[in-house]
Amino acid sequence: MTEIASDPLPKAYVPSEAEPAVTRRWNDARVFHVEPPAAGSAARTYSIVIPPPNVTAALHLGHALNNALQDVLIRHHRMKGDLTLWMPGTDHAGIATQTVVEKRLLAEGIKRLDMGREAFVEKTQEWKDDYEQVILSQLEMMGGSCDFERVRFTMDEMCATAVRHAFFVLFRDGLIYRGKRLVNWDPVTRTALSDDEVEMEEVEGHMWYLRYPLSDRSGHVTVATTRPETMLGDTAVAVNPNDPRASDLRGKFVVLPIVGRVIPIVEDDYVVMADPASTEAKAAYASGFLKVTPAHDPNDWEIGRRHELAVINVMGPDGAISDEYGWEDVSDDARRFVGLSREEARAQIVTWFEANGLLENVRDYTHSVGHSYRSHVPIEPWLSDQWYVAVTDDRLRGSALRAQDPTQSPDLPEGVARRRTGDGGTRGDGELRFFPARYARTYYAWHDGIRDWCISRQLWWGHQIPVWTRIVASEDASPEVRVAVTSTDGAMFAVEDSWTAAGLAHLARHVTETEIEQAVCVPPAGTLARSDRADASLDEAGVIAALEADGFVRDPDVLDTWFSSGLWPMSTMGWPYPEDYPETVGLLEAFNPTSVLTTAREIITLWVSRMVMFNRYFLDGRLPFTDVFIHAMIQDGHGQKMSKSLGNGVDPRDIIETHGADAMRFALVQTTTDTQDVRMPVDMICPHTGVSFTPKFITTSAGHVVAAPVQTSPADPSKTMVSAYGVAAGVVSPTEDAPLALNTSAKFDVGRNFANKVFNATRFALRRLSAEGAADKAPAVVTAADLMFVDRWILDRLANAVSTIEAALGRYQFNQVADTLYDFIWHDVCDRYLEAVKPTVDHRPAQQVVLGSVLDAVLRLLHPVCPFVTESLWPAVSAARFGVVEGVELPPSTLLAGAAWPVIDASLIDHDIRSRFERADALASAVRVVRAQRNVAPKQQIELHVESAVATLISQAEGMVETLAGVGLVVTRGADRPAGASALAFEGTEVLISGLADDVDVEAERDRITKVIAAKEKQVSGFEGKLSNDGYVANAPAHLVEETRQMLEAAKADLAAALSALAALG
RNA sequence: GGGCGUUUAGCUCAGUUGGCUAGAGCGCCUCCCUUACAAGGAGGAUGUCGGGGGUUCGAGUCCCUCAACGCCCA
């Protein structure tokens, strides 16, 4: 008898104890840090840049998902031996961060405008520092194997240099311009918003019908509008050319009421024709005439462009009516509206129309209106000066489209040059692939209809635009400038001048007939110093001082956050001047293009597109990444997005605390299918008892299903608690008696149980491996001859698991990775292999070698998904195992994170063993069914009486059937039937089981066999039906027909065996 | 308005080019604290694969259509 060593491990896995120690070991060994390969090295590289989380708040479950997936890929590739870089960092998130900081300050009674720009930016910087720390520590807690020595921030010095340089190059190359354009203006925060920062809301408003008299006094037209106040800026009335009234009105004009402006009637098929009977609200409410206000409506802006209409801006930045922003023909009647807010102006203008008999009708009208996501007031389409990137230029848009894998996106749209194959300048063409493939369409459609990108934001937190401007009278401008702008019409024009030796990019345009605006972009110091036109006496400060002395003023706006994020795969690797940051030298060459971008689909347009355009533009066509994996969005159990206001979010930190990081990661990986949403029903943890339960839900007036603010403890009805929703809605606050209940989800239990299973399987194996002297008796190399049946089988399963996992990772099918691990480890290794070897492993050193190897391989395979439990078990397993199984490569390693991915030789794949195992296992299962039904005690050994073919199978399985089914004796039966035996049908033979219990309950036995007979009869008739179908026999592949025949025969034989067993009961 | 996704057991979901008797986890029922694991083991019940139509020898899978829910974009 081998001596059993005492347990070196506790009885259950305790993540909170294991995880910090594991993290320390990784950090001490710097195992996640990578240096670029030496020049000429043939090392494979693998890299991911993290989608930088906003420094606005701690990471939520969506981040946890995204990061878990990236870490699985990263750890797998690191183990495969690739030089692997996962670049971490955070995003300054201009508008979002400014908003939260402003809100926080306001709560303290401090206003941003009062404290001034510098102080505010400093305050925001503090906020950023705090949250950056939180985010990085969360990444670490989740097990993220980022190179934490390379943490970047989109506003740090290195990234700022990249931003400045990129801006300068685009500016110089004519891809950045300034223009008066309609923007989504938030009059409260006085900020321009991008389209995606505008939230559409249904508003119950009115449709007003206003009469505009024709200038020839022959009548009037009636325009329908939801925004009467903008009529002050009308410059046309439009009618659909197919409208029967159009021809009579052709060439006519109307006199704009109040203002007296004479404006044309134009024909444009954008106009919806009136149709009172229509079910479409637009047509039902239309009058057929549209007032056209190019300065205050994006559609009108387009109509204005088509018909070359005047653009008259009648509002100021606060949304009030103003004559200071381009409105010149202010009549006496109109003057009294100047200065009114847009709301007051609307009311008074309607009153005016009514008083003057020009208000034809008012109808209630519900329509959707864009609102600011920040201030929640309706946005104002407003004409203002903004900076744009000309992404519609073929150098950007075309390049982004040409990047797409042609199999995912076969045709390029009109106007995009065809792929130029074999041209060195078009590296990266056709190499961008999306997973799942359908997102290629989203990407394509976005670029097909893309508009120029407004990059200026009226904020303080961000990269300030590196442009200095001044307005000069034309006659005061230098000759070069005058020449440059003469031929142009409002457009910007590049000026080649020599006013500074540095040769800065210089644009100019007329802002009025007599005034010219000059704009000069100052590049970062590094670019300036490298300029071949550089004057060594002029450094950056000198250049700026010279400009400012000339009356130039820096633009106060900052860049859209996505401008810096768009450079992320380059800026984090030291672009454009790695030599200025020695730790980055070599990174770009080795790791850009990165291997894959993992992100949510909502930012395909905002981020993915821009990274592709920038990376390709600045790096000779090189892609920022070749693969884009779009993961699902996590919703709550009711299909709602998780959000703070609904209180339905699950905090990753809570799950790490209650279940462990591995459990969280495993559950997230397992739910990652290629659908676009996954549901995670949210439960609550009772703070009094620690028991999780499904809360009582209520429906809000907005139709959301949320946890009721007050919940009763499921275990103790006298105790209550409050829900996150209740707190978020301001209905309740936590108290000592009624504390806040944390959210959780039952989904994570699977992961926790699994980690515990692995832990205990290891505990079992370690006891078997640590037997005295075992290592000395084992062969140094275990070969096929040393293997038992179950050993060969488990090695086959191992080989299968390795290849399945690798294939699934290659296709980003994460759920398959998790499911394969779960099935292999739990069902194959634990339920079958470990159980089967129990009687033999203690005295079979060769089997110990197999057991140790399988265990070792299990830890390696599971490590990318569950890094903590595997790493924490690794030292004990490494120390305990000995010997080598031929064909199983598991080179030793101090740390599992740095260990090699298992390589299993194809010779260990054994289909014959697999099929015999499955038959033997089916027999064992059938016997266990009988044992369960007869309530046989686990320890009770039974006897099997089988026919010789089955006896052969059992003996070839070398004890496995006996062990798994609790069989003490197998007898090859003759014609006799042992008294009191139970019977089952197996492979068409009758297997008799004796020794089950003292007596056979004949009635129960009859019931059981009768059920078997019914099931078999159903099978037989099913197969017979199939085979009697001539079409099936004629058309189905022969092997399927043959299979069906065999199954029919087997079912028939089983039926016969069951019938004979029933007969034997009497 | 355009695009996309989802609908399979009570719940959450697998089901790869059509082909074995439609699966898993949780929950439920029975038995078992058998020295790896009760966060466990053995067994069991539960499905007109959203409705309708079509293609096919054969449809959860392909096509058409209807419905519901959801997401993205405009």
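The model shown is predicted, which means the values in this text are computed figures rather than measured ones.

### Focus on the overall build of chain A
Consideration 1: Scanning chain A for helices and strands turns up 35 helices and 42 strands.
Consideration 2: Referenced to the eigenvectors of the C-alpha coordinate spread, the extents of chain A come out at roughly 120 × 75 × 70 Å.
Consideration 3: For chain A, the residues scored as buried account for 54% of the 1066 residues in total.
Consideration 4: Sequence separation of at least 24 residues holds for 74% of the intrachain contacts in chain A that already meet a minimum separation of 6.
Consideration 5: When the accessible surface of chain A is summed, it comes to about 45500 Å², and 51% of that surface belongs to carbon and sulfur atoms.
Consideration 6: The distance from the centre of the 101 positive side-chain charges to the centre of the 148 negative ones in chain A is 3 Å.

### Comments concerning the packing of helix α24 (residues 747-769) against helix α27 (residues 814-837)
Consideration 1: Close contact between α24 and α27 brings their axes to 11 Å; oriented N to C, the two are set at 40°. In terms of crossing hand, the pair formed by α24 and α27 is left-handed. On the side of α24, the interface is formed by V750, N753, F754, K757, V758, A761 and F764, while α27 contributes L821, Y822, I825, W826, C830, D831 and L834.
Consideration 2: Broken down by class, the residue content of the contact of α24 with α27 amounts to 11 nonpolar, one polar and two charged.

### A few points about unusual backbone geometry
Consideration 1: In this chain, W575 is followed by P576 through a cis amide linkage whose omega measures 5°.
Consideration 2: As for its position among the elements, P576 is in the loop between α18 (568-571) and α19 (587-591).
Consideration 3: A cis amide bond links N592 with the next residue in sequence, P593, at an omega value of 5°.
Consideration 4: Here P593 lies in the loop between α19 and β24 (594-600).
Consideration 5: Here the phi dihedral of D620 falls at roughly 55°; this positive angle occurs in a residue that is not glycine.
Consideration 6: Looking at where D620 falls in the secondary structure, it is placed in the loop between α20 (604-618) and β25 (625-631).
Consideration 7: A relative accessible area of 62% means that D620 is categorised as exposed.
Consideration 8: Of note, E958 is a non-glycine position whose phi angle comes to about 50°, a positive value.
Consideration 9: Mapping E958 onto the fold places it in the loop between α31 (948-956) and α32 (960-965).
Consideration 10: Under the relative-accessibility criterion, E958 is labelled partly exposed at 40%.

### Notes on the sheet that holds β25
Consideration 1: Here three strands make up an open sheet; going across it, the order is β15-β25-β24 and the pairing parallel. Each end of this open sheet is capped by a strand with a single partner; those strands are β15 (433-435) and β24. Within the sheet, the average angular offset between the axes of one strand and its neighbour, ignoring direction, is 20°.
Consideration 2: By the bridge criterion, six bridges tie β24 to β25 in an arrangement that is parallel. Along β25, the bridge assignment pairs L597 with V628.
Consideration 3: Sitting on the sheet, helix α2 (residues 61-79) is in contact with β24 and β25, with an inclination near 160° to β24.

### A few points about the protein's contact with RNA strand B
Consideration 1: Around RNA strand B sit 54 residues in total, of which R601, Q676, R679, K747 and R763 are the nearest.
Consideration 2: Atoms of RNA strand B within 4 Å of the protein belong to the sugar or the phosphate in 66% of instances, the rest to bases.
Consideration 3: Between a sugar or linking oxygen of RNA strand B and a side-chain N or O atom of N1029, the distance comes to 2.5 Å.
Consideration 4: A distance of 3.4 Å is found between a sugar or linking oxygen of RNA strand B and a backbone nitrogen or oxygen belonging to G1031.
Consideration 5: Those elements that provide at least two residues to the surface near RNA strand B are β27 (677-680), α24, α27, α30 (911-933), α33 (1002-1027), α34 (1030-1035) and α35 (1038-1065).
Consideration 6: If one sorts the elements of the surface near RNA strand B by residue count, α24 sits on top with 12 residues.
Consideration 7: Within the surface near RNA strand B, the residues separate by chemical class into 19 nonpolar, 15 polar and 20 charged.

### Some words on the pairing of strand β21 (residues 515-521)
Consideration 1: Counting buried residues along β21, six of its seven residues qualify, which places the element largely inside the surrounding structure.
Consideration 2: Bridging between strand β18 (residues 467-473) and β21 involves seven bridges; their strand directions are antiparallel. Bridge assignment links T469 to a residue of β21, and that residue is A519.
Consideration 3: Both strand β20 (residues 505-510) and β21 contribute to a ladder of six bridges, which runs antiparallel. Across the sheet, residue R509 finds its bridge partner in β21, namely E517.
Consideration 4: Between β20 and the antiparallel strand that follows it, β21, lie four residues.

### A short note on the sheet that holds strand β22 (residues 553-554)
As a general point, the strands of a sheet are linked pairwise by backbone hydrogen bonds and lie either parallel or antiparallel.
Consideration 1: Spatial ordering of the open sheet is given by β19-β20-β21-β18-β22, a layout of five strands whose pairing is antiparallel. The outermost strands of the open sheet, each flanked by one partner alone, are β19 (493-494) and β22.
Consideration 2: Inspection of the sheet shows β19 paired to β20 by two bridges, in the antiparallel sense. By the bridge assignment, A494 is partnered in β20 with L507.

### Focus on the environment of E267
Consideration 1: Considering the arrangement of structural elements, one finds E267 in strand β11 (residues 262-267).
Consideration 2: It is 9.3 Å that separates the C-alpha atoms of E267 and D243, two residues lying 24 residues apart in sequence.
Consideration 3: Sequence-distant contacts of E267, that is, excluding residues within four places in its chain, are made with V239, P241, A246, R250 and H307.
Consideration 4: Within the local environment of E267, its side chain forms a polar contact with the side chain of R250, the two groups lying 2.6 Å apart.

### Looking at the packing of aromatic side chains
The geometry of an aromatic ring pair is captured by the separation of the ring centres together with the interplanar angle, meaning the angle of the planes.
Consideration 1: The full count for this structure, using the stated rule, is 32 aromatic pairs.
Consideration 2: Relative to W387, the ring of F171 has its centre 6.0 Å away and its plane inclined at 50°; by these criteria the two rings are tilted. Residue F171 is located in helix α6 (residues 157-172), and its partner W387 is located in strand β14 (residues 380-389); the two are separated by 216 residues in the primary sequence.
Consideration 3: Under the relative-accessibility criterion, F171 is labelled buried at 0%.

### What to know about a nonpolar patch on the surface
Consideration 1: A contiguous nonpolar patch, built from V727, L740 and L742 and spanning about 200 Å² of accessible area, is present on the exposed surface.
Consideration 2: Looking at the element boundaries, L742 is found in strand β34 (residues 742-744).
Consideration 3: A residue is classified by how much of its surface remains accessible, and L742, at 37% relative accessible area, is partly exposed.

### As for the packing of helix α28 (residues 845-862) against helix α29 (residues 867-880)
Consideration 1: Where α28 contacts α29, the axes come no closer than 10 Å and their chain directions differ by 155°. Between α28 and α29, the interaxial angle falls into the category roughly antiparallel. Taken as a pair, α28 and α29 cross one another with a handedness that is left-handed. Between α28 and α29, the contacting residues are L855, D856, L859, R860 and L862 on the first element and T870, L873, W874 and V877 on the second.
Consideration 2: Along the lines of polarity and charge, the residues of the contact of α28 with α29 split into six nonpolar, one polar and two charged.

### Some points on the side chain of E229
Consideration 1: Structurally, E229 can be placed in the loop between β8 (220-225) and β9 (236-239).
Consideration 2: When near neighbours in sequence (up to four residues on either side) are disregarded, E229 contacts M315, I321, R342, A345, R346 and I349.

### Quick look at the state of the cysteines
Consideration 1: Summed over all chains, the structure comprises zero disulfides.
Consideration 2: C146 carries a free sulfur, and the closest cysteine sulfur to it, the one in C159, is 15 Å from it.
Consideration 3: The exposure class of C146 is buried, given its relative accessible area of 1%.

Procedures and definitions
Residues numbered from 1 in each chain as written. Chains lettered and ligands numbered in written order. Predicted model: local features only at pLDDT ≥ 70, side-chain atom pairs only at ≥ 80, totals over all residues. Heavy atoms only, no water. Helix = DSSP H or I, 4+ residues; strand = E, 2+ residues; numbered from the N terminus. Buried < 20%, exposed > 50% of the residue type's maximum accessible area, 1.4 Å probe, protein only. Contact = heavy atoms within 4.5 Å. Areas by Shrake-Rupley, 256 points an atom, 1.4 Å probe, with all protein chains shown as cover. Lys, Arg positive; Asp, Glu negative; His and termini not counted. Charge placed at Lys NZ, Arg CZ, Asp CG, Glu CD. Axes fitted to C-alpha atoms, helices over the stretch in contact; angles between N-to-C directions. Left-handed = near helix turned anticlockwise from the far one by under 90°. Nonpolar A, V, L, I, M, F, W, Y, C, P; charged D, E, K, R; others polar. Pairing = 2+ DSSP bridges. Near = heavy atom within 4 Å. Polar contact = N/O pair within 3.5 Å; in protein donor to acceptor, adjacent residues only side chain to side chain. Phe/Tyr/Trp six-rings, centres within 6.5 Å; stacked < 30°, edge-to-face > 60°. Patch = residues over 30% accessible without salt bridge, like charges linked within 9 Å, V, L, I, M, F, W, Y side chains within 5 Å. Salt bridge = Lys/Arg side-chain N within 4 Å of Asp/Glu carboxyl O. Parallel < 35°, antiparallel > 145°, perpendicular 65-115°, else oblique. Disulfide = S-S within 2.5 Å.

The values reported here are purely geometric and, on their own, carry no functional implication.
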